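Here is what each chain is made of, one letter per residue.
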Amino acid sequence: MRGVLKTGVLMGGVVLRGVLLMIAAAPTAHAHIASNGFLVANVAGSDITGSMELAVRDVELAVGADADRDGKITWGELRAAAPRLARYLAEHVSFAAQDDACSLAFQGIEVNDRADGGYAWMPFKARCPAAVRRLAVRYTVMDGIDPSHRGLLTLSAAGVVQTGVLGGAASQDAFSVFAPSRWRAFAEYFRAGVWHILSGIDHLLFLLSLLLPAVLLRKDSRWEPVAAVRPALIGIFKVVTAFTLAHSLTLTLAALDIVRLPSRLTESVIAASIIVAALNNIFPLVTESRARIAFSFGLLHGFGFASVLADMGLPQGARLISLLAFNAGIESGQLAVVVAVMPIIYGLRSGSFYRRTVMPWGSAAIAALALVWLVQRAILATG
Amino acid sequence: MLAELPAGARHSSDPSRELAATRLDVALPLAQFDISRARTTGDLRFLGYAEAILAPWMHRTTVAPQVLILNATILQSRHAFDAALAELDQALEARPDDAQGWLTRATVLRVLGRYDEAMASCEHLARTADPAITSLCRQSLRGLTGHLKDAYAVIASLSPQDLVPEVRAWRYSELGEMAERLGNDPAAELWFRDGLHMAPADLYMRLACADLLLRHGRAVETLQLLQGYESMEPMLLRVAIAHRQLHDAASTQAEALLTNAFEVEQRRGDAVHRREQARFLLDVDQAPTAALAAALENWRVQREPDDILILLRAAHAAHQLQAAADALEFLKRSGLEDVRLDAYRSAT
C-alpha cells in the first residue's frame, strides 16, 4: 500500500512537470544529434582493418573516464581509460566471416573533433579464419545505457563501399563481400578515368597544343602541310605515346605512394606546361621532337591524375586493378579525343586558315587561358 | 579538456541505473528527470537514457501505466506519434484518471490535426486536473478550430499569478502563437518576450520568437536571441537563416553543420527534424523542389500550423500549389485561422 501511495505522490509531481513535457511535444525543440558510433571496416582477404569512433561523453557512460569526477574529461583521463575502452569495444563489436568468428583487437587511441563534440577514435585489426565472403557484424555498443545509440557502419571491400546502421533492435547485420565486386571496382575506376580526362580540360589543351602542329612541317621558318597521312599519323602516334608512357609512370608511382609531390606545385606546373607547348607553336623552338615535350611534361600530368585518384582512394585488396582501370579509362578518353581531332586537323592542314589562324591564334588563346590558371594555382591558391 | 559532461549526466559508476532496474519508485523519477533534461537542453541523448531506464519495466508482461505514459512521452518527442498513442491508450485503460496521460494524448492528437479526439482528451482531463490546465487544453484547440479570437481572450484572462510556472509558460507561448495567427505580431512578440523573461529555458518559446523576428527580417535581433543556443539543430537553423538575411559569410559554417546533422539523421532513419529540413532546403539551400518533397513528407506525419506554413511556402516557391491541395483542404475543414496562411489560401 505504501508503495502505491508513494508512486501516486510521485506521479502528482509528474503531472505538473508534465505540462512542460506537453508543450515540448507540439514543438520540435530538441536538437543535438542523437548518439552515434562511427564504425569503419576495410576488408582485404581474411583481414579487416578499421576504426571505431565513440563520443567522449559516451565513453564516460560506457566505461567511465572522468577519474576526478569534475564533469570534465581530459586527454589524460581518456588515455587512462583507453585499455578499458578497448576491452569494452572488443566485447560489443564483433565480426564473423561465413559465421566463423574473427579475432578482434583495438589498439591505440586518438581524438577526433566532430560537429557535436570530441570523439575517441580507436583503430582495430581483425583476422578471420578464412577470406571474407559474407561478413556478419554485431554491434551492441551503449546497450542498456542508451538504446537510441546507433552504429553507423562504412564497410569497404574490393572497391565497393557499403553502409549500414546497427544498434537498437537491429544489433546484427550481414554484408556480402563478393568477388564480382572487383569488376564493379574496375568499371567504377575506369569510368572515373574517362570522366577525368574528358572533363579535365587542362590535360586536353596540353595534348591539343602538341597535336596542332603534327599535321604540319617546319621549313625555312614557315609551316608547310604534310604531304600524306602517314607522317601525320607517325607524328601524332609519337606524341600520344610519349605523353601516355610518362603520365602512366608517374600516376603509378604516386598512386602507390612511392613518389609524392605537393598538389599546388603539380597543378601550377601543369598550367605552365600548357603555356610552353602552346607558345612553341607560335615561336617554334622545338619542331622535330615534340614527343620529348610530351614526355617530360607528361610526367607532371601523371601527378595531376594521381591527385584525383587520391581523392577517390584506392580500395584495399583491389589497389592494382583499380589503378589499372583508372589509367585505362584515361587512355581511352584520350584516344577518343585524338580520333575525333585528327581527321579535322588533317583535313584543314592545307588551307591558310589553319596555318595563319588556327595555329597561331588557337595556340595563343590556349596559352592565355593557361596563364590565368597558372596565376590562380600558383599565386592565388591558398593552402 | 576534450568533453564536458552536461549537467545531469550520470557517471558510469552511478548506482542509480542498477537501482532503477529493480525499483519503480527510483526508475520513474529518474526517467522523468532525463526527459525534462532532454526538453530543457535539447539534448536528444537524454531521451535515450530515459528509454534505457524504462526498458526493464517495459519488458514485463504487464507494464505499469506510469511507465507506459513516460515511454509514450519519449516516443512522442521522437515524433513516433502513432506508437505513442497506442501506449497512451493502453495506459489510460488501466488508469482512466491519469491527468498526465490525457494531457499527453491531447497534445499528440493536436499535432496530428485530430482536433475532435484531442478535445475529448481535454474533457477527460477536466475530471482530475487543475482547471487552468483544462482550460488551456480546451482553448488551445478552440483556437485552431474557428474560435481563435474568443479562445485568445479566454486564455489572456487567466491570471498568471494563479498558475504554476510550467502552466504559466504554456499560457505565454500559446498567447504568442495565437496573436501571430491573428495577425497581431507586436502583441505576439510581447507575449514571447515576457514568457522568456519568466522561463528563459523554454526552447519552444525561443524558437517561436526567433521565427517571428525572422519573418520581419530582424536578423540581428534573432542572432541575439539565439546566442548560446547554437548547439541545437532547430536553433542553428534559425541562426543560418538570420546570417542568410544579413548576407553574412558566417552562414557557411552553420550550413555545413546542419547539412552534416541532416545527413547523419537520414542515415539513422530519424525523422525528428523533418520540418527543419524542409525549412533548411527552402530558406537556406534555396531548393524549392527538394523543400516541397521534404515538407510533404513532414505533412504526412504532423499537421501543426507551422507544418502547413512550410508546405504552402515550399509549394508556392516550387510553383506547384496543387501539391498542397490536401493541406488546403485540411484548412477548410478544420476552420484553422492563421493570417500567415491567408496569402496562399486565396492563391488557389
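Residues numbered from 1 in each chain as written. Chains lettered and ligands numbered in written order. Predicted model: local features only at pLDDT ≥ 70, side-chain atom pairs only at ≥ 80, totals over all residues.

Enquirer: Looking at this structure, I do not really get the overall build of chain B. What am I missing?
Expert: For chain B, the count of helices and strands is 20 helices and 1 strand. Counting all 348 residues of chain B, 54% fall into the buried class. Sequence separation of at least 24 residues holds for 47% of the intrachain contacts in chain B that already meet a minimum separation of 6. (Helix = DSSP H or I, 4+ residues; strand = E, 2+ residues; numbered from the N terminus. Buried ≥ 20, exposed ≤ 12 C-beta atoms within 10 Å, placed from the backbone. Contact = placed C-beta atoms within 7 Å.)

Enquirer: Whenever I open this one, the sheet that holds strand 5 (residues 100-101) of chain A confuses me. Can you help?
Expert: Either a parallel or an antiparallel arrangement is found when strands of a sheet pair, and the pairing is made through backbone hydrogen bonds. Residues and elements named next belong to chain A. Pairing within the open sheet is antiparallel, and its 4 strands lie in the order 5-4-9-12. At either end of the open sheet lies a strand with only one pairing partner, and these are strand 5 and strand 12 (172-176). Bridge analysis of strand 4 (residues 93-97) against strand 5 gives 2 bridges, and the strand direction is antiparallel. Along strand 5, the bridge assignment pairs Ala96 with Ala101. (Pairing = 2+ DSSP bridges.)

Enquirer: Explain the packing of helix 2 (residues 24-41) of chain B against helix 3 (residues 45-58) of chain B here, please?
Expert: To describe two helices that pack against each other, one gives the angle between their axes and the distance between the axes. Residue and element names in this part refer to chain B. At their nearest, the axes of helix 2 and helix 3 sit 8 Å apart, and the two run at 160 degrees to each other. Classed by the angle they form, the pair helix 2 and helix 3 counts as roughly antiparallel. The two elements helix 2 and helix 3 cross, and the hand of that crossing is left-handed. On helix 3, the residues that touch Leu24, Ala27, Leu30, Ala31, Asp34, Ile35, Arg37 and Ala38 of helix 2 are Phe46, Leu47, Tyr49, Ala50, Ile53, Leu54 and Trp57. (Axes fitted to C-alpha atoms, helices over the stretch in contact; angles between N-to-C directions. Parallel < 35°, antiparallel > 145°, perpendicular 65-115°, else oblique. Left-handed = near helix turned anticlockwise from the far one by under 90°.)

Enquirer: Please clarify how the confidence of the model for chain B should be interpreted in this entry.
Expert: One rule of thumb: low pLDDT means the predicted coordinates there are not for detailed reading. When the pLDDT values of chain B are averaged, the result is 91; 99% of them are 70 or greater. Mean pLDDT across the elements of chain B ranges from a minimum in strand 1 (residues 3-4) of chain B, with 80, to a maximum in helix 9 (residues 148-157) of chain B, with 97. (pLDDT = per-residue confidence, 0-100.)

Enquirer: Whenever I open this one, the packing of helix 14 (residues 233-245) of chain B against helix 16 (residues 274-284) of chain B confuses me. Can you help?
Expert: Residue and element names in this part refer to chain B. Running from N to C, helix 14 and helix 16 point in directions that differ by 10 degrees, and their axes come no closer than 10 Å. The orientation of helix 14 relative to helix 16 falls into the category roughly parallel. From helix 14, Glu233, Pro234, Leu237, Ala240, Ile241 and Arg244 reach across to helix 16, where they touch Glu276, Arg279, Phe280, Asp283 and Val284. Residues that form the contact of helix 14 with helix 16 fall into these classes: 6 nonpolar, no polar and 5 charged. (Nonpolar A, V, L, I, M, F, W, Y, C, P; charged D, E, K, R; others polar.)

Enquirer: Would you mind going over the confidence of the model for chain A with me for this structure?
Expert: Confidence in the prediction of chain A, expressed as mean pLDDT, is 81, and 88% of residues score 70 or more. Predicted confidence for residues 1-31 of chain A stays below pLDDT 50, and this span has 77 contacts to residues more than four positions away or in other chains.

Enquirer: How should I be thinking about the pairing of strand 4 of chain A in this particular structure?
Expert: Walk down a regular strand and you will see the side chains alternate between the two sheet faces. All names here are of chain A. Side chains Val93, Phe95 and Ala97 of strand 4 all project onto a buried face; the interleaved residues Ser94 and Ala96 project onto a face where none is buried. Where strand 4 and strand 9 (residues 134-139) come together, 5 bridges link them in antiparallel fashion. Paired with Ser94 across the strands is Arg138, a residue of strand 9. Hairpin connection of strand 4 to strand 5: 2 residues between the antiparallel strands, including Gln98 at a positive phi of 50 degrees.

Enquirer: I would appreciate a short explanation of the environment of B:Cys137 in the present structure.
Expert: Residue and element names in this part refer to chain B. With respect to the secondary-structure elements, Cys137 resides in helix 8 (residues 131-142). The sequence separation of Cys137 and Thr107 amounts to 30 residues, and the corresponding C-alpha distance is 8.5 Å. Setting aside residues no more than four positions away along its own chain, Cys137 makes contact with Leu103, Ala106, Cys122 and Leu125.

Enquirer: How do you make sense of unusual backbone geometry when you look at a structure like this?
Expert: Both trends apply: most residues other than glycine have a negative phi, and most peptide bonds are in trans. Residues and elements named next belong to chain A. Backbone geometry at Arg69 places phi at a positive 50 degrees, although glycine is not the residue there. Mapped onto the elements of the fold, Arg69 is located in the loop between helix 2 (56-63) and strand 3 (72-73). With a phi close to 70 degrees, Met142 is a non-glycine residue in the positive phi region. Considering the arrangement of structural elements, one finds Met142 in the loop between strand 9 and strand 10 (150-157).

Enquirer: How should the environment of B:Tyr172 be read in this particular structure?
Expert: All names here are of chain B. Residue position: Tyr172 is located in helix 10 (residues 165-182). In this structure Tyr172 comes out as buried when scored by C-beta crowding, with 25 C-beta atoms within 10 Å. Put simply, Tyr172 and Pro160 are 12 residues apart on the chain and 9.0 Å apart in space, counted from C-alpha to C-alpha. Leaving out residues up to four positions away in the same chain, Tyr172 has contacts with Trp191, Asp194, Gly195 and Met205.

Enquirer: Help me out: how do you make sense of helix 7 (residues 263-282) of chain A in this one?
Expert: Given 3.6 residues per helical turn, the α-helix brings residues three or four places apart onto the same face. Residues and elements named next belong to chain A. Taking 1.5 Å per residue as the helical rise, helix 7 with its 20 residues ought to reach 28 Å, and the 29 Å between its terminal C-alpha atoms agrees with that figure. Every buried residue of helix 7 is accounted for by Thr266, Glu267, Ser268, Val269, Ile270, Ala271, Ser273, Ile274, Ile275, Ala277, Ala278 and Asn281. Buried residues in helix 7 make contact with helix 5 (201-211), helix 8 (290-312) and helix 10 (352-380). (Expected span 1.5 Å × (residues − 1).)

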